[in-house]
Amino acid sequence: MSRHVLSVLVENQSGVLSRVSGLFSRRGYNIDSLSVGETEDPKVSRMTIVVRGDDYILEQIKKQLNKLIDVIKIVELDPQQSVFRELAMIKVNTTMETRASIIEIVSIFRANIVDVSNETLTVEMTGDESKIEAFINLMNNYGIVEVVRTGLTAIERGSRHIKIQTRSEEE
Amino acid sequence: MKAAEAIVKCLINENVDTVFGYPGGHILEVYEALRKSKIRHVLVRQEQAAAHSASGYARVSGKVGVCITTSGPGATNLITGIATAYMDSIPLVAITGQVNSTKIGRDMFQEADITGATESFTKHSYLVKNENDLPRIIKEAFYIASTGRPGPVLIDIPSDIQAAEIEKLVIPETVNIRGYKPTIKGHVGQIKRAVKAISESKRPLIIAGGGVLLSHAEGELLSFVEKTGIPLVHTLMGKGSLPGDNRHYIGMIGNHGFSEANRAVAKADLLIIIGTRVADRAWGGISDQTNEEARIIHIDVDPAEIGKNVGTHIPLVGDARTILTQMIDRVDRVDTDEWLKELKSFKKEHIKRKKEKAGSIDPKYVIETISKKLDDNAVIVADVGQNQIWAARHFEDKIGRRFLTSGGLGTMGYGLPAAVGAKIAAPDRQVVAVVGDGGFQMSLYELGTISQNNLDIIILLFNNSRLGMVRELQDRYYGKTNAVDLDKNPDFIKLCDAYGIKGVRINSDSELEDAFETAIRHKGPFLLECVVDPNESTIL
Ligand SMILES: Cc1ncc(C[n+]2csc(CCOP(=O)(O)OP(=O)(O)O)c2C)c(N)n1
């Protein structure tokens, strides 16, 4: 089952998130992540939803989402034409001996250290998923205390953008 | 003006003259405003019936059905009715009271999250937070309920909002929801492809669903069939889309349909599916034998139905009536004489009167007989179970007749309250509620509503002292039955008598004609109880 990234414009009002997430759970669609926030128009929110499914499932997901009155537009983002990013915060165990080597890895990954204590370091990083996975893998050697991830958010490259108007016609 | 009065004004603006409901503490303001209005309020005996009655009303009147209840238990009692309407795409607006808006979320007395609870089977819902939004919300609700693929819309209104003052009521003239623009007209390119596919077919077949009736496309469908010569089968919900005596009419498909109709689907080289999702019950018994080569044209107003249950070669999104109109001018006659002859040869003699079983009546004969005796614009409402299938298989469709049932959710207890709504929508048409002794008892309380309003409804009760359809399944799969025995049923005639409703019980075929004549002649509600053998089968 392949992975797809959907960018969904929705009315920014209460209940929308539950309608969208409820749709996924009751129709048995697999969702990897969902992130949501306001757009350039405060009345509109944009959800970035990462789903797994074959062509049939993906088509059903798009059509069923389109049926929700609060959904304005759905665009599937082409990975080649888009920038995918996620923010992760990772708290790792440190000792006097390991601290230097962790800091070295952090700088190789262009991540930031946002907090330090006697026993831990907290790293903030953005990147695509593979970068974050790779970093987490390395940190496992030191002992990870906590991982927090926002889920993917995405935007199209170049001048392409998703216009906020009425929902696109099906097919 | 009080918001509650504005609500009622908005309802009147939507052409509402009748609502079905049940009052309570958190909807008092609306009831007070209703009292002062010209809207007729029909007091049901349980809120589930309010939704079913509104559904029956909607299906017969062609308008949006409206039901109103209080918060908490009143609202939760509506749930089954709303879900039933959703599955059959019936346009409803349900208005529920809610606790004070500043107290929501604190588990107040009679608080229930009804928008949350009904989320998966409302087309849309609103929790009103500001009284000034009411005119727009009500306008939108009626628009959403009745356009595109129809369905129930719920408006939850906190009690303080009902009581709030609205400075000036301005009802918007139009609706503009940017996320909701249903497609009505068919795509011309696709229509051309469909027309071409029709001209190339040798064994074309129409499968008509409930969408034909919802879009009032019976007339266009008839012209289309007559012009092209294409035979037609239908789903349970599509019953009534073509008169039964039309020579292109083959019959109902599905698990409980006719074998010749199912065989027609299997043999066709082109299926024109109109207004149906072709769910498992309709496709059952066919899917394994359909012609792999058959091409499929699928017409549906809901794009999500296309390709969901059956694959499609030519999708046609839009309103059935509009699309049929678009197609009629473009299609030519297909030479279907051979095909029709073949289909007619599949047809078996259906009503083989078995030997009369002493003390019981043949339900198929009953439906056949009443079908002959009822008017050409009669409404028949079938509950769920064997009674439903008997009615669906043997009640003859005519132009103007209407067959109502809960096809999607299969909700027992639908029949009686839906008949109430139907009768109130069309007081001059004969209305018959066909019910089993199980389903009758699920909505027995509505005898109160029927009696109070002196509704001229014939209740045709098939009393087999069993939950017949389940009894049959258990017999077939396990050879034993469990929990389907209703032997200690009350005396239904006496029970109706207690409500002031007349009735007779018959247990032989020979008594039927007279008894039914009496039922028809009787002014006011009438119970005709037919004693049926507990082992009577659904199909054979
Ligand atoms: C609310 C509800 N509960 C349970 C069922 C399952 N069910 C389907 S048919 C049936 C039996 C119906 O019995 P009855 O109303 O006596 O009608 P009959 O089949 O005997 O004609 C049952 C229990 C249902 N459809 N709806």
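What counts and how
Residues numbered from 1 in each chain as written. Chains lettered and ligands numbered in written order. Predicted model: local features only at pLDDT ≥ 70, side-chain atom pairs only at ≥ 80, totals over all residues. Heavy atoms only, no water. Contact = heavy atoms within 4.5 Å. Buried area = accessible area lost by both parts, 1.4 Å probe. Salt bridge = Lys/Arg side-chain N within 4 Å of Asp/Glu carboxyl O. Polar contact = N/O pair within 3.5 Å; in protein donor to acceptor, adjacent residues only side chain to side chain. Nonpolar A, V, L, I, M, F, W, Y, C, P; charged D, E, K, R; others polar. Domains from an automatic or database assignment. Helix = DSSP H or I, 4+ residues; strand = E, 2+ residues; numbered from the N terminus. Buried < 20%, exposed > 50% of the residue type's maximum accessible area, 1.4 Å probe, protein only. Axes fitted to C-alpha atoms, helices over the stretch in contact; angles between N-to-C directions. Left-handed = near helix turned anticlockwise from the far one by under 90°. Core = buried A, V, L, I, M, F, W, Y, C linked by side-chain atoms within 4.5 Å.

Draft legend 1. Examining the interface of chain B and chain A more closely. Facing the 20 residues of chain B at the interface are 28 residues of chain A. Roughly 1,900 Å² is buried in total at the junction of chain B and chain A, and carbon and sulfur atoms are behind 44% of that figure. Its largest share of buried area at the contact with chain A, chain B owes to Glu119, Arg178 and Gly179 of chain B, together 35% of the area lost on that side. Remark: the boundary between chain B and chain A carries 3 salt bridges. Glu119 of chain B is the salt-bridge partner of Arg26 of chain A, the closest N and O atoms lying 3.8 Å from each other. Linking chain B with chain A are 9 residue pairs in polar contact (both at pLDDT 80 or more). Of the residues in the side of chain B that touches chain A, the class split is 6 nonpolar, 6 polar and 8 charged.

Draft legend 2. The arrangement of the domain arrangement of chain A in detail. All names here are of chain A. Assigned domains within chain A: domain 1 (2–77) and domain 2 (83–153). Placing a centre on the C-alpha atoms of domain 1 and another on those of domain 2 gives a separation of 29 Å. Taken together, the contact pairs 8 residues of domain 1 with 6 residues of domain 2. Three residues, Arg3, Ser35 and Thr48, lead the burial of domain 1 against domain 2; their summed loss comes to 57% of the area buried on that side. For the pair domain 1 and domain 2, the number of links is 1 salt bridge. A salt bridge links Glu129 to Arg3; the nearest nitrogen and oxygen atoms lie 2.3 Å apart. Applying the counting rule to domain 1 against domain 2 returns 3 residue pairs in polar contact (both at pLDDT 80 or more). Secondary-structure elements contributing two or more residues to the side of domain 1 that touches domain 2 are strand E1 (2–11), strand E2 (30–38) and strand E3 (44–53). Among the elements that line the side of domain 1 that touches domain 2, the one with the most residues is E2, at 3 residues. By residue class, the composition of the side of domain 1 that touches domain 2 is 4 nonpolar, 3 polar and 1 charged.

Draft legend 3. Spatial organisation of the environment of Asn463 of chain B. Residues and elements named next belong to chain B. Structurally, the position occupied by Asn463 is in strand E16 (residues 457–463). Judged by relative accessible area, which is 9%, Asn463 ranks as buried. Along the sequence, Asn463 and Cys530 sit 67 residues apart, while their C-alpha atoms lie 6.0 Å from each other. The residues touching Asn463, leaving out its near neighbours within four places in the chain, are Asp437, Asn489, Phe492, Glu529, Cys530, Val531 and Val532. Separated by 2.9 Å, the side chains of Asn463 and Glu529 make a polar contact.

Draft legend 4. Representation of the pattern of salt bridges within the structure. Taken as a whole and judged by the stated rule, the model has 36 salt bridges over all chains. With a closest N to O distance of 2.8 Å, Glu11 of chain A and Arg178 of chain B form a salt bridge. Of this pair, Glu11 of chain A sits in strand E1 while Arg178 of chain B is found in the loop between helix H7 (159–163) and helix H8 (188–200), placing the two residues in two different chains. A residue is classified by how much of its surface remains accessible, and Glu11 of chain A, at 14% relative accessible area, is buried. On the basis of relative accessibility, which here comes to 22%, the residue Arg178 of chain B falls in the partly exposed class. Arg295 of chain B serves as the salt-bridge partner of Glu200 of chain B, at 3.8 Å between the closest nitrogen and oxygen. In this pair, Glu200 of chain B is assigned in helix H8 and Arg295 of chain B in strand E11 (residues 295–300), connecting sequence segments 95 residues apart. Overlapping salt bridges bring together Lys67 of chain A together with Arg149, Asp302, Glu305 and Lys308 of chain B as one network.

Draft legend 5. The packing of helix H11 (residues 259–267) of chain B against helix H14 (residues 337–346) of chain B, seen in detail. All names here are of chain B. Axis separation between H11 and H14 bottoms out at 9 Å; the angle between their running directions is 140 degrees. Note on packing geometry: the crossing formed by H11 with H14 is right-handed. Between H11 and H14, the contacting residues are Glu260, Arg263, Ala264 and Lys267 on the first element and Trp339, Glu342, Leu343 and Phe346 on the second. Partitioning the contact of H11 with H14 into residue classes produces 4 nonpolar, no polar and 4 charged.

Draft legend 6. Representation of the nonpolar core in the model. Residues and elements named next belong to chain B. Membership of the largest hydrophobic core comes to 50 residues, with the highest contact counts inside it found for Val233, Leu271, Ile367, Ile370, Leu460 and Phe462. Taken domain by domain, the makeup of this core includes at least three residues from each of domain 2 (188–346) and domain 3 (363–531). The residues touching Leu460, leaving out its near neighbours within four places in the chain, are Val366, Ile367, Ile370, Val432, Ala433, Val434, Val435, Leu528 and Cys530. Of all hydrophobic cores here, the second largest spans 49 residues; its members include Val42, Val44, Ala422 and Leu455.

Draft legend 7. Spatial organisation of the domain arrangement of chain B. All names here are of chain B. The domain architecture assigned to chain B consists of domain 1 (3–163), domain 2 (188–346) and domain 3 (363–531). Each of domain 2 and domain 3 was reduced to a C-alpha centroid, and the two centroids are 30 Å apart. Domain 2 puts 17 residues into the contact, and the matching count from domain 3 is 16 residues. Across the interface of domain 2 and domain 3, roughly 1,300 Å² is buried in total on both sides, 62% from carbon and sulfur atoms. Three residues stand out in domain 2 for area buried against domain 3, namely Leu236, Lys239 and His256, and they jointly supply 43% of the buried area on that side. Our enumeration of links across domain 2 and domain 3 arrives at 1 salt bridge.

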